Each structure stands twice: as structure tokens, then as C-alpha cells.
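# Topology and contacts: notes
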Amino acid sequence: MTGKFLSLKGEGYNGFVSQLKHANEKLDAFNFIDEKEKNGKIISVKDNICVKGMPATASSKILHGYIPGFNATAIERLENSGFSVIGKTNMDEFGFGSFGLNSEHPAKNPYNEEYVTGGSSSGSAVATALIKEHVSIAESTGGSISAPAAFCGVVGLTPTYGAISRYGLIDYASSLDKIGFMGKGADSIREVMEKTVGSDPKDTTSLSKAISNKNTHKLYVIDNLMGGIDEGIKDRFEGLLAKLSAKDYEIEHVKIDYLEYSVPAYYILSMSEASTNLAKYQGFKYGFKVKDFSLNYNDFFMSARKQFGKEAKRRVILGTFIRSKSIKQKYYEKALAIRHAIIARMGKILKEGFIIMPTMPIFTPKISEVSDISPVEAYSMDMLTVPPNLCGFPHISFPYFYERGMPLGAQVITDHFNDYSLLDFLSEWESGFEYKFKEEVG
Amino acid sequence: MKIGLEVHVALPTKTKLFCSDLAYENQEEPNSNVCPVCLGLPGAKPVLNQKALEISAGIAKALNCEIGEKTWFVRKVYFYPDLPKGYQITQLDGAIGIKGYVDLNGKKIGIRRVQIEEDPARIIREKDYSLIDFNRSGVPLNEIVTEPDIASLEELKGFIEELRSILYYQGVNINQELKTDLNISLAENRVEIKNVTGVRNLIAAAEYEIKRQSALIKEGKEISLETRSYREDENETVSSREKETEEEYGFTFEPDLTFYDTTKLAMQKAVIASNAAKELADINEYNEKTIRELVLFNKRNLSLLEGISKEEFKKGVSLIEKFASFGIEDYSEEEFMKMLKRDVSSIEKDSFLQLLGRSNKTEEKADKEEIESGIKEMLYLDKTLLERGINDGKAMSFMIGKVKEKYHVTGKEAADFIQKVIKSMLNN
């Protein structure tokens, strides 16, 4: 590598693509790179968002070979505004993962390949770290933008639920899925976001409400969320708060009831929805096709469903269990009640100011450190990213500190439809902070 | 005896329930009216057909249902090749109508629920393979679930007749498409006969099943809890030999849709023609059965009879019968009122038509050959018409107008004739 960001400016698109392919051999950021010449501004797109004519696999074997004949609305709007898609980025299968490891070829952290990228939008974070003038169109259900943004040292914005059409997004959990953005700073994300927001007649859950930028200098820290956090992370985060205080931000500590239940509530709801969203993969219309038509339907169907990875199978089985008649009230309905209770309580605080917290409760782990942890341990890593996602509140993760060469991310949350205030906050932060993107990869 | 029904009827909308593909027109070519939504492709999302919602609310209202302020959808999850998403979008707790009834001469047959749902695709079974036609996938249906309140075959017939009339006034014709699951229990155990098609088969299946269960009871045998199917050719029900386990569909809220406000829907007026007939007969001291026959399946007759005074009523009824006996179906309100002022009690058809202002000659439709040769003549006289042909909208509507005027056929009939003639002329 040349010690520079990959850039279109210089060797033209062909040169750029060959560099990108070279980098991708090491880092597995992309599932697909389009070699057709691109003009204008470039974006990469998470592989669970449909781009007409490009493969869309959601990193699942069951979707190998699926090439959608239509664009997601977000992509349609961006292409109409002069953006070109250079490729589809790696991810945890169907978005199921916090580290990027639930993929056939997991993406590697650009700062150090022994470390995880975070997930599920793993490839989008790596691509953003690698390419100079570029934004990645990613997606978050429970933290899939914030987590990889934090571990890969880039900015990740998860918009208000419904602000951006989900048409063309391959569903994980429809009531939680949000298309969002990863970039190197506030301005590039703002430009792309402005082109994609707004209601869409093809997505009933998209909303037409205007997005505001009501700014505030009040920052709330939620004390009862800080309990399970690594001491080192707590310490660096205190440092961030001190810097913000010095910039005229007023810090207040609060406690929000029920927040400790947000992770179980999230997993109950998301698995329940995921188990129905994955029911369409049956191995005969698109993607992976079962060849043996002599099988009876149940066997045919089962041989298709074997293609799911371990985590996908786990979520389908648990989600199906949660939906069953005899126990629905015990888990699903309680989880819904928790969700509403948290929305009300967080919403009240967010009327008064931003909420701020570290993005992840741990320092970026090595792949070897987390590849064997239990699902419950892995899910608990989402304790900070899940609350805003569960409630559909917009949030942004940004790098604020570098430790032993690795970035640390913090997360700021605001009220529904106040997304642009997060970008204003970030612009202010950027003016006094130097990002250290990992441009040297090799 | 307890009989309960789950009746499925197709709604008269132009397009499908969750996408803009045609629901009923141009269906000849299999898999031609399909899109990412009704094929269940990854990334596609359903959008509710507002018209289907309005029609369903009208049906729920006509069935005396409670209509909640909000209605919503659920996913019913099961695997079958005709179900492209692996779940059917349907309704349960948030159904458009609940707790209704149909009044059957004073006895109320409870309606548990009216729910909106999508039809699965059609499976075409061949000898050693099956084909799937997704044209039907997503066609809008209402499922009407009754309480097991029907207590005899006569009541079942009466209920279906009443339901047919109620739905007719909402624009739904159950003669065209009706699929029913029939539950019958003469003893303790319930027998379900699944997927009976059409009204005639429904009655026949019930009749057979009542006989079968009665015979078993007489012999002192037990009736087993089971699912059966009706075989039209043999006119019998046979056991489906399915395991009787409790159905587990894992119903869950449909998060790709939303909560729909029912308070501002443009709903059709709920007309219960049998009630209206009874009222008309009471007010006008007339035979109820006659009025029922005139209005049960004819909206125009009901509004005409409702619009006249008691003095004119008897005359109005005989006038309608007169129209019917002369085979005139398209009488307007003006024509009806005009003829009501005349004495037509012993009039012959020719004079009746003259009074009506439709002379006998023009009233009779010309025969096929006459129309076709007339069209040929028109095309010979004006060759440009033939050249511009059927794809030219202006030329076509000009010709349709001419043919309609001259031969008193409908626009569609005229178009069909013209197309046929042009094709034959171009082929020669």
C-alpha cells in the first residue's frame, strides 16, 4: 500500500479498483466490487441493501446468486443525485452479530488485522476507513452502525426509525431496522442523508416528518448504564466529558428505570421478527437453489434451510419459540411493554438535552478473544448501543481517543427527528479534534 | 347440531392487497401479474390497498360487527410452496370487524370475526410435478368466521342466502369465488371439512356429513375428531388423515405495516336487503316473500321501491315484474317513474316498448353476422380506419361509437366485434 487513502483522484477508476481489490484480499471489506467505471461521488452499500443488478447476499449462503432487479429507495435517491455504488460491503449474516465474525470471510480491523471490526456493518466501517472521498450506506438494527464505527475509528450515524425508507432493505427485524451512514466526518454524512430522507410510498413505516437540528449544550450521562463497563473505558470517557465541559457543555448524571432490561427486550423482539423475516428463504425461487426436485417439500425445505449459519439458525429457533402461543405473553408482550416504558423515559430526558455514553463497553477485542464467547456474553456487548436502537432514537458514534493505536468511540443520542443536531454536535467536536484514520493498510 | 363456517370471499378491487399488480384482469399468462412484493422477494415491502380496507369495513358493518378505531395485521407463519414469504399477512385481534351477527328470521347467527387477508399463490398439480402461478398471490380476501350457531341444514341454506345478499350489496359476488371451511358436530367431537369450493358444494358437503354423523350415532359409534375433505365427483367427505394437533402459527404483529385508522374510511352503506324487504312489506302491507325476491339481489329494485309511496307500491311491484317478464334489465329510474304513471297492467310488449320510447326494432340486438358485415362495410368505406387499426385509440373509439349506436351493443361487445373483424381482414 502507498500510505495514502484509496482515492478516485489519481489513477482513475481502474487504478482505484485494483488497489481496492488488493486491500480487500487482506481485509474482506467487500463481498462484491463493481469494476464498471464510475463517475461522480462514490458510495459503498451494505450487502443487505438491494442495488439493482448487483448481488445482494446479506453475507448468507442462502442468498448466493440473488441479484435484485430493483433498487432500494435510498439507493435510487442517491443514484438520482449523482452518487455511484462501487460495491457491496461485508456484514454479519443478515445483521446477526456485534463483531463481524458471523460471515463466511469476516472483515478485518484496518488498524490491526488481529482485532475485530465490530458488526454487523463490518465491511462498511472498513471501507470507510480505507477510502478517502466516500460514504458507506449501512444499516443498524441493534447497534450495527455504532459498534463497527467505534472499533474502526469512523463516524456512524443511525437515523430516527422511519426517517429513511426501508424499501429494498433485506429485513432482519422490521420494527427496528434503520438504514444509516458511515463516513469520515459530519459533512459527508449530512450530504448523503439529505438526499435519502423523506417518506416513501413503497414503505408504510417511512415517515414524512421534517428532520430538525434543535441543538443543546446539555449532556446527560445515564449512571445505571455505566455499571457493566470496563474500568479503562470509564476512565477515558471521563476524559471526554472533561473536554466537553471545557467546551461549555453542561454534564448531568441521571438514572433511567428499566434500561437494564433493554438488551433482553431487544433480543426477544428482534429474534421474534427475524424468525418470520427469514421464513421466505426456501431454496427455490432465488439465491441458493435446492437442485433435487424429487424430495418432498419438507425435505426440500430443510435442505435449503441448512444453508443458514449458526447464529441465523439460533435466532430462527429462539424467535419461533418466543412466538409460540403458550409463552408469547411471558416474553414477547413483556418485551414490548419494556420497549414502550424505555421510549417514554428516554424521550423525556431527550427533550432536555443529548444523552452521551461510550459506544462499546470494552476496548476493541482480538478476534481470538471473542470467537468462543457464549451468545449471552456476546449479546451483552450491545448494552450501550441497544437502548437508542430499541427506541428508534437517532444516534451517532464518533472516535474521541486513540489508545495503543486503536480508536475509542463515544455515542450521542437525541430525540426522534432531531438527527441533524447530531451532525451539528459532531462538526463542533471535529473542529477541536484530529481524527487519525488508519490510512496505512498493508 | 352445531355448524360453524370460515368463509373466504374475494374483494372487488382492481389491484392486489399489498401491491399494484392487477388482481383479476389479464390473468391468462401464468406469473405475469407479479412483482417483488407478491413474489416475496427479499427487500420488498407490502403497502395496504386502501380500497380493500374500505370494502372490508363495509362488509364488517353490514354483518353488524364492532369496528375498532384501529385495525392492524399479523403474520401467520407456516411453510407451503404457495406462500412466498413463509407467512400469510392476515388479521386476528386487530381484525376489521368482530362480534357481529346475521339475523335469520329473528335468530342471530354470530359472526366472530371479519378479517382481511392475502390469497396464496395457485398450485397447479400435474402427474409427477407441480407448478406455481403467483398471479393469485396477494389477491385480497375477507375471511368471515361464524360462531357455531347454525343448527340445521335449513339454517345453513338460509344463512348462505342471507350472506350472499348482504355481500352482493357490498359489491362481492360469492357465486364467483367462495371457499369455505365447514365445522360440523352432531355429537361431542368436531369434524372440519376443509376447502369446500362454491355454494353448491358447501350445501352438499354439509348434507353428506350430517347424514354420515347421524348414521354413526344411530349405530352407537363414536364420531372422531378429524379433518375431512369433500369430493365433488363422488359427493362424499373423506378423512384427510391429518394428525389432530393444535395448530401453531406463531402469530405476530406485521411490522412492515402500521395501525390503520378506521374512523375516516369511505364505507359503503350497510344494506341488509332482507330487513329492508320486511320493512317495505310491513309498511305497504304487501307479501314479504315477493318483495324479498325482487330486492335480495337487485340494488335498483330496492331503491325504486323505497322511493315510491304506499299508494303506488302495488303498481310499482307489478311494473318491476313487467320489466322482468319482457326481459328488460336496464331500466332507469326515469323510465320506471314514467311508466308508473301509465296503466300497463294488460299491455303487450310492443306497445310497452313504444310507451317506454324504445321501439321494438331498435331494441332487439342485431345478430352477429349483421354486425360483422356492417363493420366490414364501414372499414371498406374508410380504408384509413383499417390502417390505423386497433392500436389507435382515437380510431378505435370512433368505430366503437358507431357500432354501439347502430347495433345497440355495449362498448365492450363493439370492441370485440371490431377486433375480430379487423384481425380477420388483416389475415386475408
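Since we're looking at a predicted model, the values are computed, not measured. In every chain, residue numbers begin from 1 and rise along the written sequence. As they are written, the chains are lettered A onward and the ligands numbered 1 onward, keeping that order. Confidence filtering applies because this is a predicted model: local features only for residues at pLDDT of at least 70, side-chain atom pairs given and counted only at 80 or more, and all residues used for totals across whole chains, interfaces and linings.

### Re the overall build of chain A
Every helix listed is a DSSP run of H or I at least four residues long, and every strand listed is a run of E at least two residues long, numbered separately from the N terminus. Along the backbone of chain A there are 14 helices and eleven strands. By the compact-globule yardstick of 22 Å for 442 residues, chain A fits well, its C-alpha radius of gyration being 21 Å. Along the three orthogonal principal directions, the C-alpha set of chain A runs to about 70 × 60 × 45 Å. Here exposure depends only on C-beta density: within 10 Å of a residue's C-beta, 20 or more other C-beta atoms make it buried, 12 or fewer make it exposed, and intermediate numbers make it partly exposed, the C-beta atoms being placed from the backbone. When burial is assessed residue by residue, chain A has 55% of its 442 residues classed as buried. A pair of residues counts as a contact when their C-beta atoms, built from backbone coordinates, are within 7 Å of each other. Nonlocal contacts in chain A, meaning residues at least 24 apart in sequence, comprise 76% of its contacts between residues at least 6 apart. Two things to know: the radius of gyration comes from C-alpha atoms, and the globule rule equals 2.2 Å times the number of residues to the power 0.38.

### Structural notes on the overall build of chain B
The number of helices and strands found in chain B is 14 helices and 15 strands. The C-alpha extent of chain B, read off along each of the three principal axes, is 75 × 60 × 50 Å. When contacts within chain B are restricted to residue pairs at least 6 apart in sequence, those whose partners lie at least 24 apart make up 66%.

### Points about the domain arrangement of chain A
Residues and elements named next belong to chain A. Each domain's extent was defined by an automatic or database domain assignment. Taken domain by domain, chain A comprises domain 1 (12-216 + 355-430), domain 2 (220-258 + 341-346) and domain 3 (259-338). For domain 1 and domain 2, the distance between their C-alpha centroids amounts to 24 Å. Contacts between domain 1 and domain 2 engage 18 residues on the former and 16 residues on the latter. For the side of domain 1 that touches domain 2, the secondary structure elements donating two or more residues are strand 9 (354-358), helix 13 (386-391), strand 10 (395-403) and strand 11 (406-413). When residues in the side of domain 1 that touches domain 2 are grouped by element, the largest group, four residues, is from strand 9. When the residues that make up the side of domain 1 that touches domain 2 are grouped by side-chain class, the tally is 17 nonpolar, no polar and one charged. The classification used treats Ala, Val, Leu, Ile, Met, Phe, Trp, Tyr, Cys and Pro as nonpolar, Asp, Glu, Lys and Arg as charged, and all other residues, Gly among them, as polar.

### Some details on the interface of chain B and chain A
Across the boundary between the two partners, chain B contributes 24 residues, which contact 33 residues of chain A. For the side of chain B that touches chain A, the class distribution of residues is 13 nonpolar, six polar and five charged.

### Here we look at the sheet that holds strand 10 (residues 178-185) of chain B
All names here are of chain B. If you walk across this open sheet you meet the eight strands as 5-6-9-1-10-11-12-13, and the pairing is mixed. Strands at the two margins of the open sheet, each flanked by one partner only, are strand 5 (97-104) and strand 13 (236-239). Taken pair by pair, the neighbouring strands of this sheet meet at an average axis angle of 25°, ignoring direction. Two strands make a pair as long as DSSP finds a minimum of two bridges between them. Here four bridges tie strand 12 (residues 226-231) to strand 13, and the two strands are oriented antiparallel to one another. Considered in strand 13, the bridge of Arg231 is made with Glu236. Where helix 1 (residues 50-62) meets the sheet, its contacts fall on strand 5, strand 6 (107-118) and strand 9 (140-146), and the angle it forms with strand 6 comes to roughly 170°. Angles run from 0 to 180 degrees between N-to-C directions of axes, and those axes are lines fitted to C-alpha atoms, restricted for helices to the stretch in contact. Those strands touched by helix 2 (residues 153-168) are strand 1 (2-10), strand 5 and strand 6, and its axis lies near 115° from that of strand 5.

### Topic: unusual backbone geometry
Residue and element names in this part refer to chain A. Residue Gly119 is joined to Ser120 through a cis peptide bond whose omega torsion reads 10°. Take Ser120: it is sitting in the loop between strand 3 (83-89) and helix 3 (122-130). With phi around 50°, Asp28 is a residue other than glycine that occupies positive phi space. When you line up the elements, Asp28 lands in the loop between helix 1 (12-27) and strand 1 (30-33). Residue classification places Asp28 among the buried residues on the basis of 22 C-beta atoms within 10 Å.

### Here we look at the sheet that holds strand 14 (residues 252-253) of chain B
All names here are of chain B. One open sheet accounts for three strands, arranged 4-3-14; its pairing is antiparallel. A strand with exactly one partner marks an edge of an open sheet, and here the two such strands are strand 4 (87-90) and strand 14. As defined by bridge partners, strand 3 (residues 74-77) adjoins strand 14 across two bridges and the pair is classed as antiparallel. Within strand 14, the residue paired with Val74 across the bridge is Phe253.

### A short note on the pairing of strand 10 of chain B
Residues and elements named next belong to chain B. Pairing analysis gives eight bridges linking strand 1 to strand 10, with the strands arranged antiparallel. Directly across from Val7, in strand 10, lies its bridge partner Thr180. Relative to strand 11 (residues 191-197), strand 10 runs antiparallel, the two sharing five bridges. When the sheet's bridge partners are listed, Lys179 is paired in strand 11 with Thr197. Connecting the antiparallel pair strand 10 and strand 11 is a turn made up of five residues.

### Section: the domain arrangement of chain B
When the domains of chain B are assigned, the result is domain 1 (2-176 + 241-261), domain 2 (273-363) and domain 3 (368-427). Inter-centroid distance (C-alpha atoms) of domain 2 of chain B to domain 3 of chain B is 36 Å.

### Observations concerning the environment of Val191 of chain B
Note that Val191 of chain B resides in strand 11. Taking the C-alpha atoms as reference points, Val191 of chain B and Thr227 of chain B, separated by 36 residues in sequence, lie 5.9 Å from one another.

### Description of the packing of helix 2 (residues 73-80) of chain A against helix 5 (residues 186-196) of chain A
Residue and element names in this part refer to chain A. Interhelical geometry of helix 2 versus helix 5 gives an angle of 110° and a closest axis separation of 8 Å. One way to sum up the angle between helix 2 and helix 5 is to call them roughly perpendicular. Crossing of helix 2 against helix 5: the hand is right-handed. Note on element contacts: helix 5 touches helix 2 through Val192, Lys195 and Thr196, opposite Ala74, Arg77 and Leu78. For this classification, under 35 degrees means roughly parallel, over 145 means roughly antiparallel, 65 to 115 means roughly perpendicular, and everything else is oblique. By the definition used in this description, the sense in which the near helix is turned from the far one sets the handedness, with an anticlockwise turn below a right angle giving left-handed and a clockwise turn giving right-handed.

### Some points on the environment of Ser324 of chain A
Within the element layout of this structure, Ser324 of chain A appears in the loop between helix 9 (310-323) and helix 10 (328-350). Apart from residues no more than four positions distant in its own chain, Ser324 of chain A is found in contact with Glu248 and Gly250 of chain B.

### Points about the packing of helix 13 (residues 393-407) of chain B against helix 14 (residues 411-427) of chain B
Residues and elements named next belong to chain B. Between helix 13 and helix 14, the shortest axis-to-axis distance is 9 Å and the interhelical angle comes to 115°. Considered as vectors, helix 13 and helix 14 are oriented roughly perpendicular to each other. Note that helix 13 runs across helix 14; the crossing there is right-handed. Contacts from Met399, Ile400, Val403 and Lys404 of helix 13 reach helix 14 at Gly411, Ala414, Ala415, Phe417 and Ile418. For the contact of helix 13 with helix 14, a count of residues per class yields seven nonpolar, one polar and one charged.

### Comments concerning the environment of Phe79 of chain B
Within the fold, Phe79 of chain B resides in the loop between strand 3 and strand 4. For the pair Phe79 of chain B and Tyr249 of chain B, spaced 170 residues apart in sequence, the C-alpha to C-alpha distance is 9.8 Å. Not counting residues up to four positions away in its chain, the partners in contact with Phe79 of chain B are Phe301 of chain A together with Gly86 of chain B.

### What to know about helix 5 (residues 288-295) of chain B
All names here are of chain B. Taken as a whole, helix 5 has its buried residues at Ile291, Leu294 and Val295. On an axial view of helix 5, the arc spanned by its buried residues comes to 85°, and they lie on one face. For helix 5, the elements touching its buried residues are helix 4 (273-283), helix 6 (299-306) and helix 7 (310-325). As used here, the arc is the angular range of directions from the helix axis to the C-beta atoms.

### Points about the pairing of strand 8 (residues 250-254) of chain A
Remark: a regular strand shows side chains that alternate across the two faces of the sheet. Residue and element names in this part refer to chain A. Burial analysis of strand 8 places just zero of its five residues in the buried class, a small minority of the element. The sheet contact formed by strand 7 (residues 218-222) and strand 8 spans five bridges and is parallel. Looking at the pairing, Leu219 lines up with Ile251 of strand 8. With helix 6 (residues 231-246) bridging strand 7 and its parallel neighbour strand 8, the resulting β-α-β unit is right-handed. By the criterion used throughout, a crossover qualifies as right-handed when its path from the first strand across the helix to the second strand runs clockwise, the strands pointing away from the viewer.

### Remarks on helix 6 of chain B
Residue and element names in this part refer to chain B. Residues of helix 6 that are buried: Asn301, Leu302, Leu304 and Leu305. Each buried residue of helix 6 sits inside an arc of 165° when the element is viewed along its axis, so together they form one side. On its buried face, helix 6 sits against helix 4, helix 5, helix 7 and helix 8 (333-340).

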